[in-house]
Amino acid sequence: REIGALERLRSNNSRKNGQTENKQPDGGGDLTPLGHHLAALPVECRVAKMLVYGALLSCVSPVLTIAACLSYKSPFLDGRSGAGATGSGCDGARHALAKPTAGGLAAGEQSDHLVYAEAYDRWSKAVSEAEAAGGRNAGKDFSRRHAAKHGLSGETLAQIAEMRGQYASLLWDAGLLRTGGSTGTNNMHEHGGKQGNKIGRASSAPRGWVDDVSAGWNADSRTPKVVKAVIAAGLYANVAAIDFDDASSSPFGKKENATTSRWKDIKGEIGIHSASVNAKLGGFVSLSSGSANATSMTGSPLSPFLTFHEKIKTHRVFVRDCTILPPTALLLFCGGEIDVKHELGLVCLDGWLWLKASAQTAAVFRRVRAALDLALERRIANAHGGKRGQLNGKANGPSEHDNQEVVRAIRALLAEKVV
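Summarised in this report is the structure supplied together with it. Just so it is clear, the model here is predicted, and its values are computed rather than measured. (Residues numbered from 1 in each chain as written. Predicted model: local features only at pLDDT ≥ 70, side-chain atom pairs only at ≥ 80, totals over all residues. Heavy atoms only, no water.)

1. Structural notes on the packing of helix H6 (residues 112-134) against helix H7 (residues 136-149)
Basically, it comes down to this: The angle between two axes is taken between their N-to-C directions and runs from 0 to 180 degrees, where each axis is a line fitted to C-alpha atoms and a helix contributes only its stretch in contact. In DSSP terms, a helix is any run of H or I states spanning at least four residues, a strand is any run of E spanning at least two, and both are numbered starting from the N terminus. Geometric relationships in this document are graded by angle, where less than 35 degrees denotes roughly parallel, more than 145 denotes roughly antiparallel, 65 to 115 denotes roughly perpendicular, and other angles denote oblique. Two helices crossing with the near one rotated counterclockwise from the far one by less than a right angle form a left-handed crossing, whereas a clockwise rotation gives a right-handed crossing. Here, two residues are considered to be in contact whenever any of their heavy atoms come within 4.5 Å of each other. Residues are grouped as follows: Ala, Val, Leu, Ile, Met, Phe, Trp, Tyr, Cys and Pro are nonpolar; Asp, Glu, Lys and Arg are charged; all remaining types, including Gly, are polar.
The interhelical angle for the contact between H6 and H7, taken along N-to-C directions, is 150°, at an axis separation of 7 Å. By the criterion of interaxial angle, the relationship of H6 to H7 is roughly antiparallel. Pair H6 / H7 crosses with right-handed handedness. Contacts between H6 and H7 involve Arg 122, Trp 123, Ala 126, Val 127, Ala 130, Glu 131 and Gly 134 from the first element and Arg 136, Ala 138, Gly 139, Phe 142, Ser 143 and His 146 from the second. Class assignment for the residues of the contact of H6 with H7 results in six nonpolar, four polar and three charged.

2. Some remarks on the pairing of strand E10 (residues 338-341)
So the rule is basically this: When accessible area is computed with a 1.4 Å probe and restricted to protein chains, residues below 20% of their type maximum are described as buried, those above 50% as exposed, and intermediate ones as partly exposed. Strands were regarded as paired on the criterion that DSSP finds at least two bridges between them.
The alternating pattern of E10 places Ile 338 and Val 340 on a buried face and Asp 339 and Lys 341 on a face that is not buried. Pairing analysis gives four bridges linking E10 to strand E11 (residues 346-349), with the strands arranged antiparallel. For Asp 339, the partnering residue across the bridge sits in E11 and is Cys 348.

3. Considering the environment of Val 213
Relative to the assigned elements, Val 213 resides in the loop between helix H8 (154-173) and helix H9 (224-235). Overall, Val 213 belongs to the exposed group, its relative accessible area being 65%. Val 213 sits 152 residues away from Ser 61 along the chain, and the two C-alpha atoms are 8.7 Å apart.

4. Structural notes on the sheet that holds strand E8 (residues 317-319)
Spatial ordering of the open sheet is given by E7-E8-E5-E4-E3-E6-E9, a layout of seven strands whose pairing is mixed. The open sheet is flanked by strand E7 (311-313) and strand E9 (322-325), the only strands paired with a single partner. Across the sheet, the mean angle from the axis of one strand to that of its neighbour is 40°, orientation sign disregarded. Pairing geometry for strand E3 (residues 239-242) and strand E4 (residues 263-265), over two bridges, is antiparallel. Looking at the pairing, Ile 242 lines up with Trp 263 of E4. On top of the sheet, H9 reaches strand E6 (305-308) and E9; it is set at about 115° to E9, its chief contact.

5. Describing unusual backbone geometry
Note the cis peptide between Tyr 236 and Ala 237, where omega equals 20°. Take Ala 237: it is sitting in the loop between H9 and E3. Of note in the backbone geometry, Gln 110 takes a positive phi value of approximately 55° without being a glycine. By secondary structure assignment, the location of Gln 110 is in the loop between helix H5 (87-98) and H6. Look at Gln 110 and you get buried, because its relative accessible area is 3%.

The analysis is restricted to geometry; functional conclusions fall outside its scope.
Quick look at the structure:
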């Protein structure tokens, strides 16, 4: 239920009397549209959720990398591993990709997860070009040199490549890449080029059919805010917010003389580990003035929210890898019911996560969420033979064209494009 895969069941008496749902932890429930998709993917639920939304929002290639890194480990060498890397050298390689001037998916986005995706993407492109020019041995030699130069682990990169291929094949077999994120064609062999006859097959190559930039499922693979939304959807409820009870910061936009940000998740205060590209973020800056191009890694957070994969505890609790999230991603994909506080101009997710939004804005996001559920439901029907009949006893919903328009509008909203 925490990840949105189950709906709570209510007893017949509570339905008749309008009472709240059964709160028992093992009370059962119906699979939600998302739950049907997750059940079809034999991977950990949060990873599966990330893959489903990556397909839905047309950013599959980077999401495969991020999902593989979260399931396995970071592609960067750890200076403590004795693998020939120094901590400062590896940190420098990570930070170089995160700089606002770096170019690429992770530039200025304050995201360890996007750094992983960008590092893999650059490595895989370079290795594929070397193989095309000089054969497999040339590719292997170039891979070793590229990895050593950029603080990467060749063995880890190879494992990530294999996992990406497996995940891509699972998405294909589940029917999520035939129409999921499609730009209008169901003949994906048109996107396969020379690899057309290998579409849908698992591959351990650094780059495969799933990485084709012309494929509909990769239409927003280079749009950071869309990829961040997918990360948020997958990792929720691992979310933290700036502690506005701290005297050094004031809520929602007013920057004061703060040198560091204090973060809290639902269980209490957390710190950002020194290995993260976000370790040196300072005080909070207004959402209206913060931008990836204007804000450095040692500046202010782009937003008062972040998501993380896991916490570690030493002398205090830290998150090791994290991503600063746009509020739009939280409103669309995170939390249960949106609780609107009209008089305060705020909304609350899950009883603790506060966002600044008017009642009108909250109402719009409620409707968009409902439309997204219908789009997922339609995808389930398509994945099961394209049937247009009922699902879970529900009547036919909007047409496939309408659902594609809903998804396009959501992608544009996340990317802050004019719809």
